[in-house]
Amino acid sequence: MKKKTIATVKSQNEIAPGIYDLWLDTELARDAHAGQFVGVCPRDRSKLLPRPISI
């Protein structure tokens, strides 16, 4: 199910060269299950992360 919502970035860390760990706070996470994916875009909509991000 596609659903747009606002999330807050809780943390973002580079855990290895070119590999990042991103934690978001959103009500949508309550219904999320392992194996699902999200697309993330900034508030100003200037960029869309170019691939699905797994939960």
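Up top is the structure these notes are about.
The structure contained in this document is the topic of the report that follows. Keep in mind that this is a model prediction, so the values were computed, not measured.

**Describing the overall build of the protein**
Okay, step 1: Along the backbone of the protein there are zero helices and four strands.
Okay, step 2: Moving toward the C terminus, one meets the helices and strands of the protein in the order β-β-β-β.
Okay, step 3: Taking the principal axes of the C-alpha coordinates as reference, the protein spans close to 35 × 30 × 20 Å.
Okay, step 4: Per-residue burial for the protein yields a buried fraction of 2% across its 55 residues.
Okay, step 5: Taking the intrachain contacts of the protein between residues at least 6 apart in sequence as the baseline, contacts between residues at least 24 apart amount to 4%.
Okay, step 6: Accessible surface for the protein amounts to roughly 5,500 Å². Of this, 55% is attributable to carbon and sulfur atoms.

**Let's talk about the environment of I6**
Okay, step 1: Take I6: it is sitting in the segment before strand 1 (8-16).
Okay, step 2: The exposure class assigned to I6 is exposed, which follows from its relative accessible area of 66%.
Okay, step 3: A sequence separation of 18 residues divides I6 from L24, and the C-alpha atoms of the two residues are 9.7 Å apart.
Okay, step 4: Leaving out residues up to four positions away in the same chain, I6 has contacts with D25, T26 and R43.

**Observations concerning a nonpolar patch on the surface**
Okay, step 1: Residues V9, L22, L24 and L49 make up a contiguous nonpolar surface patch of about 290 Å² in total accessible area.
Okay, step 2: Take L22: it is sitting in strand 2 (residues 19-25).

**A look at the pairing of strand 1**
Okay, step 1: Direction of pairing for strand 1 relative to strand 2: antiparallel, over a ladder of seven bridges. Its bridge partner being in strand 2, V9 is matched across the sheet by L24.
Okay, step 2: Where strand 1 hands over to strand 2, the hairpin turn is made up of two residues, of which G18 adopts a positive phi near 80 degrees.

Rules behind the numbers
Residues numbered from 1 in each chain as written. Predicted model: local features only at pLDDT ≥ 70, side-chain atom pairs only at ≥ 80, totals over all residues. Heavy atoms only, no water. Helix = DSSP H or I, 4+ residues; strand = E, 2+ residues; numbered from the N terminus. Buried < 20%, exposed > 50% of the residue type's maximum accessible area, 1.4 Å probe, protein only. Contact = heavy atoms within 4.5 Å. Areas by Shrake-Rupley, 256 points an atom, 1.4 Å probe, with all protein chains shown as cover. Patch = residues over 30% accessible without salt bridge, like charges linked within 9 Å, V, L, I, M, F, W, Y side chains within 5 Å. Salt bridge = Lys/Arg side-chain N within 4 Å of Asp/Glu carboxyl O. Pairing = 2+ DSSP bridges.

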